[in-house]
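What follows is each chain in one-letter form.
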Amino acid sequence: MRWLSFSILLFALIVVQVSMGYLFGIIKPDFLLLLAVLLAYRGSGPKMLIACWILGFAKDLTSEASLGCYAFAFGLIALLIVRVRELFYGDHPLALIILTALCSFIVEQMILALGFIKGDLAESSYATITWALLFAALFTGGLAPYGQWLVMKMHRRLGLPRWRNYSH
Amino acid sequence: MMLPARFTNGLDQMFSRLLWPFSKSSHEITLAATDKFPSQPSPTVSFQKYQQLENELIYSQSQLRKIQKINNELAGLRRRFALDRVDFITAYIIGSDSSTLHQVRKLDQGADHYVARGQMVLAAVGKKQNLSSADKAQLAVVGKISEVGSQTASLQLLTDPGFILPVIIQPRWDRKQNWRARGVLQSIGMHRIVVTMVSTKQPVKVGDIVLARAGKNSSLTTDILLGTVRYCRPDDRNPVMWRIQVQPAVDLPNLRQVVVIRNPKE
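Residues numbered from 1 in each chain as written. Chains lettered and ligands numbered in written order. Predicted model: local features only at pLDDT ≥ 70, side-chain atom pairs only at ≥ 80, totals over all residues.

**Here we look at the overall build of chain A**
Selection rule: Put simply, DSSP H or I for four residues or longer makes a helix, DSSP E for two residues or longer makes a strand, and each gets a number counted from the N terminus. Each residue gets a C-beta atom placed from its backbone, and two residues are in contact if those atoms lie within 7 Å.
Of the regular secondary structure elements, chain A holds 8 helices and 0 strands. Referenced to the eigenvectors of the C-alpha coordinate spread, the extents of chain A come out at roughly 45 × 30 × 30 Å. In chain A, of all internal contacts separated by at least 6 residues, the share reaching a separation of at least 24 is 70%.

**A few points about the overall build of chain B**
To keep it simple, the criterion reads: Counting other C-beta atoms within 10 Å of its own, a residue is labelled buried from 20 upward, exposed at 12 or fewer, and partly exposed in the gap between, with every C-beta atom placed from the backbone.
Along the backbone of chain B there are 3 helices and 12 strands. The 266 residues of chain B split such that 32% are buried. Partitioning the intrachain contacts of chain B with sequence separation of at least 6 by distance along the chain shows that 61% fall at a separation of at least 24.

**Observations concerning the domain arrangement of chain B**
Residues and elements named next belong to chain B. Condition: Marked domain ranges trace back to an automatic or database domain assignment. Throughout this entry, Asp, Glu, Lys and Arg are counted as charged residues, while Ala, Val, Leu, Ile, Met, Phe, Trp, Tyr, Cys and Pro are counted as nonpolar. The remaining residues, Gly among them, count as polar.
Parsing chain B into structural domains produces domain 1 (77-160 + 253-262) and domain 2 (164-249). Elements that contribute at least two residues to the side of domain 1 that touches domain 2 include exactly α3 (77-84), β3 (120-124), β4 (139-148) and β12 (257-262). Of the residues that constitute the side of domain 1 that touches domain 2, the class distribution is 11 nonpolar, 3 polar and 4 charged.

**A look at the interface of chain A and chain B**
Listed as interface residues are 29 residues of chain A and, on the opposing side, 23 residues of chain B. If you list the elements that add at least two residues to the side of chain A that touches chain B, you get α1 (3-20), α5 (93-118) and α6 (126-142) of chain A. Of the residues forming the side of chain A that touches chain B, the biggest block, 6 residues, is contributed by α6(A). The class makeup of the residues in the side of chain A that touches chain B is 14 nonpolar, 9 polar and 6 charged.

**Brief notes about the pairing of strand β7 (residues 181-189) of chain B**
Side chains on a regular strand alternate between the two faces of the sheet. Residues and elements named next belong to chain B. Applied cut-off: In this analysis, strands are considered paired if DSSP registers two or more bridges between them.
Among the 9 residues of β7, 7 are classified as buried, and the element is accordingly described as predominantly covered. Sheet analysis places strand β6 (residues 164-170) next to β7, joined by 6 bridges and oriented antiparallel. The partner of Val167 across the bridge, within β7, is Gly183. Bridging between β7 and strand β8 (residues 192-199) involves 5 bridges; their strand directions are antiparallel. Looking at the pairing, Gln186 lines up with Val194 of β8. Between the antiparallel neighbours β7 and β8 lie 2 residues, among them Met190 with a positive phi of about 55 degrees.

**Concerning the sheet that holds strand β5 (residues 153-157) of chain B**
Two orientations exist for strands paired in a sheet by backbone hydrogen bonds: parallel and antiparallel. All names here are of chain B. Quick note on the threshold: Axes, fitted as lines to C-alpha atoms, cover a helix only where it is in contact. Angles between the N-to-C directions of the axes lie from 0 to 180 degrees.
Spatially, the 6 strands close up into a barrel ordered β1-β2-β5-β4-β3-β12, and their pairing is antiparallel. Strand-to-strand twist of the sheet, defined as the mean angle between neighbouring strand axes without regard to direction, takes the value 45 degrees. As paired strands, β3 and β4 are joined by 5 bridges and run antiparallel to one another. Looking across to β4, one finds that Ala123 is bridged to Ala140.

**A word on unusual backbone geometry**
All names here are of chain B. Despite not being glycine, Tyr114 has its phi angle at roughly 70 degrees, a positive value. Within the secondary structure layout, Tyr114 lies in the loop between β2 (104-107) and β3. Judged by C-beta crowding, with 14 C-beta atoms within 10 Å, Tyr114 ranks as partly exposed. Notably, Met197 is not glycine yet its phi reads approximately 65 degrees, a positive angle. Assignment of secondary structure puts Met197 in strand β8. Take Met197: there are 17 C-beta atoms within 10 Å of it, and that puts it in the partly exposed class.

**Considering α1(A)**
Residue and element names in this part refer to chain A. Condition: Expected span of a helix, by definition, is 1.5 Å for each gap between consecutive residues, and there is one gap fewer than residues. Relevant arc is that of directions from the helix axis to the C-beta atoms, nothing else.
With 18 residues, α1 should cover 26 Å at 1.5 Å per step; its first-to-last C-alpha distance of 25 Å lies within 8% of that length. The complete set of buried residues in α1 reads Phe6, Leu13 and Gln17. Viewed along the axis of α1, the buried residues span an arc of 35 degrees, placing them on a single side of the element. Those residues of α1 that are exposed and aimed more than 90 degrees away from the buried face are Leu4, Ser7, Phe11, Ala12 and Val15. On its buried side, α1 packs onto α2 (31-42), α3 (46-61) and α8 (155-158).

**A few points about the packing of α3(A) against helix α4 (residues 69-84) of chain A**
Residue and element names in this part refer to chain A. What counts here: Each angle gets one of four labels, with under 35 degrees taken as roughly parallel, over 145 as roughly antiparallel, 65 to 115 as roughly perpendicular, and the rest as oblique. Each crossing gets its hand from how the near helix is turned against the far one by less than a right angle, where anticlockwise is left-handed and clockwise is right-handed.
The geometry of α3 relative to α4 is characterised by a closest axis approach of 7 Å and an angle of 150 degrees between their N-to-C directions. The orientation of α3 with respect to α4, classified from their angle, is roughly antiparallel. Between α3 and α4 the crossing geometry is right-handed. Between α3 and α4, the contacting residues are Met48, Leu49, Cys52, Trp53, Leu55, Gly56, Phe57, Lys59 and Asp60 on the first element and Cys69, Tyr70, Ala71, Phe72, Ala73, Phe74, Gly75, Ala78 and Leu79 on the second. Partitioning the contact of α3 with α4 into residue classes produces 14 nonpolar, 2 polar and 2 charged.

**Side note on the packing of α2(A) against α4(A)**
All names here are of chain A. It is at 8 Å that the axes of α2 and α4 come closest, and there the two elements cross at 35 degrees. The chirality of how α2 crosses α4 is right-handed. Residues Ala36, Val37, Ala40 and Tyr41 of α2 touch α4, and the partners they reach there are Phe74, Ile77, Ala78, Ile81 and Val82. Tallied by class, the residues present in the contact of α2 with α4 amount to 9 nonpolar, no polar and no charged.

**Focus: α4(A)**
Along its 16 residues, α4(A) runs 23 Å from first to last C-alpha, staying within 8% of the 22 Å computed at 1.5 Å per residue. Contacts from the buried residues of α4(A) go to α2, α3 and α5 of chain A.

**A look at the environment of Leu94(A)**
Residue and element names in this part refer to chain A. Along the chain, Leu94 falls in helix α5. The exposure class of Leu94 is exposed, given the 11 C-beta atoms found within 10 Å. In this structure the C-alpha to C-alpha distance between Leu94 and Trp131, which are 37 residues apart in sequence, comes to 22 Å.

**Brief notes about the nonpolar core**
Selection criterion: Note on terminology: a nonpolar core is a set of buried residues of type Ala, Val, Leu, Ile, Met, Phe, Trp, Tyr or Cys, with members joined through C-beta atoms within 7 Å.
The biggest cluster of nonpolar side chains holds 49 residues, and the ones touching the most others in it are Leu122(B), Ala140(B), Val142(B) and Val258(B). Both domains that meet at this core, namely domain 1 (77-160 + 253-262) and domain 2 (164-249) of chain B, each give it at least three residues. Those residues within four positions of Val142(B) in sequence are excluded, and the remaining contacts are Val121(B), Leu122(B), Ala123(B), Leu157(B), Leu158(B), Val250(B), Leu252(B), Leu255(B) and Val258(B). Counting 46 residues, the second-largest nonpolar core is a separate cluster that includes Leu35(A), Ile81(A), Phe105(A) and Ile129(A).

Structure follows, in structure tokens:
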């Protein structure tokens, strides 16, 4: 992982997420999670896990969630992807779409559960919020092939391998 | 009964002519006794009289328009005086929360501009988002300040899942009823906001007005419009209470400019 390039990309993604996110309405994509999934899917080694944690931490700093929630969730998701990525062979976009949508939904469900535990959210709102999160996860998943194309264009600058890594 | 119609019609006319003087005089006597005797209508009206009546009609119509205009101005007077006692901090939306879960917007004004946590935020009613042309009486609540930095602040919208606000429901003006019901507004996600804790004894109907309640712990000095009742039905869990869905008065997805209410007493 090349940290300078990663930092620039992270900064650009935060700007896009924060300044343009509300233009999408209720169902807005999560660009930070998309990058975390792609890094975990293609990268290797502990540096990649640290990069995912940093992405989560950046999301913590730019959201109303308690500090550390997203960092922890992104770290767990990166570990999960490293474990299951060998089940997906090749670079088929559908696999990436499903994996990204699933990870987005799991992360937001974790944050939602934390909100209910803390008492910030009403229990009666669980169903409708979950529907919104599901659609947002599908939207994020739909952007995965485009994200992958962008990451592959920048793989040398980011220090990622050209081909997928199937080892843990 | 068996006679042709022309004979019976003739008899009828004959009797009516015989009885007409008596019936006319009795009718006039009755009107004179009850002071309702009309003046004799003239077959023609003079041109001067016609002009005079037409001028009076035009004058009356202009007076009516003037009074209607004054009435419209007075309709928002109570709120305007209440809002004159507070300071307005105009702010633009520069971003949003990066989380998918929360409906929070970033404002370009912060603690340096006297924005503080808990202050209520208003915006122009309807699709019109230009606050400079909007009257104070045309503002509605869109949320409150949740976090404050030195240069920026976070606006928690009505549709944020964690948003809670005490509200009042009152009948729409054309229902000609006089009651007010207190309730609690909260968001349930997907841009849906509901009011709970309102008894079904209150005759709430679709179209009734929902107001944000002024109080000691609020920066509001008067109750301010928040939205209207979209539909109401008894709560499934507690059938003696309404579950009221609210339509916000402001177009929240396209919100660009807002005003933060600052009470000088704070």
